[in-house]
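Structural overview for review
What follows is each chain in one-letter form.
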Amino acid sequence: MTILVTGGAGFIGTNFVLDWLKVSDEPIVNLDKLTYAGNLQNLQSIADNPKHEFVHGNIEDQALVASLLTDHRPGAIVHFAAETHVDRSIHGPEEFVQTNVVGTFLLLEAALEYWRSLADTDRDEFRLINVSTDEVFGSLGPDDSPCTEESRYAPNSPYSASKAAADHLVRSYFHTYGLPVITTHCTNNYGPYQFPEKLIPLMTLNGTQGKSLPIYGDGKNIRDWLYVTDHCTALRSVLSNGKPGAVYNIAGNCEMTNLEVIDELCTQLDELAPDDSGEPHRRLIEFVKDRPAHDRRYALATDKIEQELGWRPTETFASGIRKTVKWYLDNQAWLDDVSSGQYRQWLDINYTQRAGAE
Ligand code: NAD
Ligand code: TYD
């Protein structure tokens, strides 16, 4: 069975595609618009693999998506394509509504038309996996229980609101039309190929360059950290054994404050990339102006995926962050490439006015 992946040149999509081709013989068609976050270099190692076809295009291009579906007749769609950075959604929400809401809607329309054309057995087996986030549930207090798949939606950023809207559309296509969709909510991913606008790769890059490590607010916001290949394993088991219409949480069981994350990252940098001065990387920490509507804590309960599908994360934060830092240190050319040009403009937009503010 062929699968169609959207956004497979981005961070999680790349890891999913590379992993898939290692463990499966089934071909992948990879549709990606190559925004600033998509990078064909990520897929260089599989450029000649006949099981992988890269298509440069937009999920909103219905004629293109329809032709990919009729030509390749995939048994599943794994939908990663999105605008994904909360800070960018604050500076420019429109792109988030367009890609995440309208884009997902148009993909659902194309998927529905294709699914209806399938023979009975293929129709029963078809799946559309909608890769969503823990952020749709909003902010938790320190003593709140982790969110379950039934928790109430309460998104606070344009990013999480756009993902929430997409999730609702996906849900409605199951209930209204019977399209066999599954939504997954995952926590913060980290690992190779993540664009250095998100916390861990940004701090790694800044740390190796002796630049400041800008912590928003008091640094006590809590995220759960999921190593990206654990996420990919979870998605594969959802694809094989998840129930149509169901929702699954995927987390690393690893809640940490941002300060704890940066502390561990600095320990790894001190060991793997010691500064010429011999000084610890922690000296670079700088508290800067907080993000508006900065959610205090995210946490997900994973009982359902553990009990129904037998999935559990395998990496600890210590093992995952070490692999991650090593990957960035070994892939300097990749980092140099993605951190030129437009990236510097983004740093100006997001960080210049924060510096020294708190
Ligand atoms: P990313 O920003 O690294 O990559 C997104 C990819 O989507 C890019 O390759 C981009 O070119 C592509 N894309 C954007 N708009 C497109 C369009 N209109 N048509 C086709 N392709 C398009 O994102 P990521 O971190 O890999 O996240 C993947 C998915 O997982 C997203 O849906 C995101 O909301 C979700 N998610 C991510 C995290 C995380 O920690 N990274 C956590 C929870 C959920
Ligand atoms: P981020 O990687 O942007 O993911 P998300 O906001 O989707 O969880 O941020 C993770 C946490 O790190 C979040 O609490 C915001 C914080 N953060 C900083 O303190 N400094 C930074 O420069 C960035 C990018 C994030």
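Before reading on, note that the structure itself is shown above.
These figures come from a predicted structure and were not determined experimentally. (Residues numbered from 1 in each chain as written. Chains lettered and ligands numbered in written order. Predicted model: local features only at pLDDT ≥ 70, side-chain atom pairs only at ≥ 80, totals over all residues. Heavy atoms only, no water.)

Now for the sheet that holds strand β7 (residues 188-190). Reading across the sheet, the three strands line up as β7-β9-β11 and stay open at both edges, with mixed pairing between neighbours. Only two strands of the sheet have a single partner each, and these edge strands are β7 and β11 (255-257). Recorded for the sheet is a direction-independent mean angle of 50° between the axes of neighbouring strands. Sheet topology note: the strand β9 (residues 222-227)/β11 ladder contains three bridges and is antiparallel. Note that in β11 the partner of Arg 223 across the bridge is Met 256. (Pairing = 2+ DSSP bridges. Helix = DSSP H or I, 4+ residues; strand = E, 2+ residues; numbered from the N terminus. Axes fitted to C-alpha atoms, helices over the stretch in contact; angles between N-to-C directions.)

In the vicinity of ligand 2 there are 18 residues, among which Glu 135, Pro 214, Arg 291, His 294 and Tyr 351 approach most closely. One nitrogen or oxygen atom from the side chain of Glu 135 is found 2.5 Å from an oxygen atom belonging to ligand 2. A distance of 2.8 Å separates an oxygen atom of ligand 2 from a polar atom in the backbone of Leu 199. For the shell around ligand 2, the secondary structure elements donating two or more residues are α7 (199-208) and β8 (213-216). Classifying every residue of the shell around ligand 2 by side-chain character gives eight nonpolar, five polar and five charged. (Near = heavy atom within 4 Å. Polar contact = N/O pair within 3.5 Å; in protein donor to acceptor, adjacent residues only side chain to side chain. Nonpolar A, V, L, I, M, F, W, Y, C, P; charged D, E, K, R; others polar.)

Here we take up the packing of helix α4 (residues 94-116) against helix α6 (residues 158-177). One can describe the packing of α4 onto α6 by two numbers: an axis separation of 8 Å at closest approach and a directional angle of 15°. Judged by the inter-axis angle, α4 sits roughly parallel to α6. The element α4 and its partner α6 pack so that their crossing is right-handed. Residues Phe 96, Val 97, Asn 100, Val 101, Thr 104, Phe 105, Leu 108, Glu 109, Leu 112, Trp 115 and Arg 116 of α4 form the contact with α6, whose own contacting residues are Tyr 159, Ser 162, Lys 163, Ala 165, Ala 166, Leu 169, Val 170, Tyr 173 and Tyr 177. (Parallel < 35°, antiparallel > 145°, perpendicular 65-115°, else oblique. Left-handed = near helix turned anticlockwise from the far one by under 90°. Contact = heavy atoms within 4.5 Å.)

A few words on the environment of Arg 171. Along the polypeptide, Arg 171 turns up in helix α6. Arg 171 sits 137 residues away from Glu 308 along the chain, and the two C-alpha atoms are 20 Å apart.

Counted by the stated rule, this structure contains 17 aromatic pairs. Here Phe 16 and Phe 80 contribute two aromatic rings whose centre-to-centre distance is 5.4 Å and whose plane-to-plane angle is 55°, an arrangement assigned as tilted. With Phe 16 in helix α1 (residues 11-23) and Phe 80 in the loop between β4 (76-79) and α3 (86-91), the pair connects residues that are 64 residues apart, well separated along the chain. By the burial criterion, Phe 16 is buried, and Phe 80 matches it. Look at Tyr 190 and Phe 317: their rings are 5.2 Å apart centre to centre, the planes differ by 45°, and that puts the pair in the tilted class. One end of the pair, Tyr 190, is in strand β7; the other, Phe 317, is in helix α11 (residues 317-330), with 127 residues separating them in the sequence. The buried category is assigned to Tyr 190, whose relative accessible area is 1%. Residue class for Phe 317 comes out buried when judged on its relative accessible area of 7%. (Phe/Tyr/Trp six-rings, centres within 6.5 Å; stacked < 30°, edge-to-face > 60°. Buried < 20%, exposed > 50% of the residue type's maximum accessible area, 1.4 Å probe, protein only.)

With that settled, the discussion passes to empty space enclosed by the protein. Any space left empty among the atoms is revealed by the rolling of a water-sized probe across them. Inspection of the entire model under this criterion finds four cavities of 30 Å³ or more. There is about 50 Å³ of room inside the second largest cavity. His 79, Phe 80, Ala 81, Ala 82, Asn 100, Thr 104, Asn 130, Val 131, Lys 163 and Ala 166 are the residues that line the second largest cavity. Counting residues per element, the ones that place at least two in the lining of the second largest cavity are α4, β5 (127-133) and α6. Here the residues of the lining of the second largest cavity sort into five nonpolar, four polar and one charged. (1 Å grid on protein atoms, 1.4 Å probe; cavity = no way out; pocket = protein on both sides within 12 Å on 5 of 7 lines; lining within 4 Å. Points joined across faces, edges and corners; volume = space filled by probe spheres on them.)

Before going further, it helps to examine the sheet that holds strand β3 (residues 52-56). If you trace the seven strands from one edge of the open sheet to the other, you get β3-β2-β1-β4-β5-β6-β10, paired in parallel fashion. Looking at strand neighbours, the two that pair on one side only are β3 and β10 (247-250), the edges of this open sheet. Recorded for the sheet is a direction-independent mean angle of 20° between the axes of neighbouring strands. Two strands pair when backbone bridges link them, and β5 and strand β6 (residues 181-186) are joined in this way by six bridges, in the parallel orientation. Each bridged residue has a counterpart across the sheet, and for Ser 132 the counterpart in β6 is His 185. Packing against the sheet, α1 makes contact with β1 (3-6), β2 (28-32), β3 and β4, and its axis sits at approximately 155° to β1.

Residues other than glycine predominantly adopt negative phi, and peptide bonds predominantly adopt the trans conformation. Although it is not a glycine, Arg 73 sits at a positive phi angle of roughly 45°. Mapped onto the elements, Arg 73 comes out in the loop between α2 (62-72) and β4. We classify Arg 73 as partly exposed; its relative accessible area is 42%. Phi is positive for Ala 293, close to 55°, though the residue is something other than glycine. By the element assignment, Ala 293 lies in the loop between β12 (285-288) and α10 (303-309). Taking the relative accessible area as the measure of exposure, Ala 293 reaches 52% and is therefore exposed.

So far we have only geometry, and geometry alone does not tell us how the molecule works.
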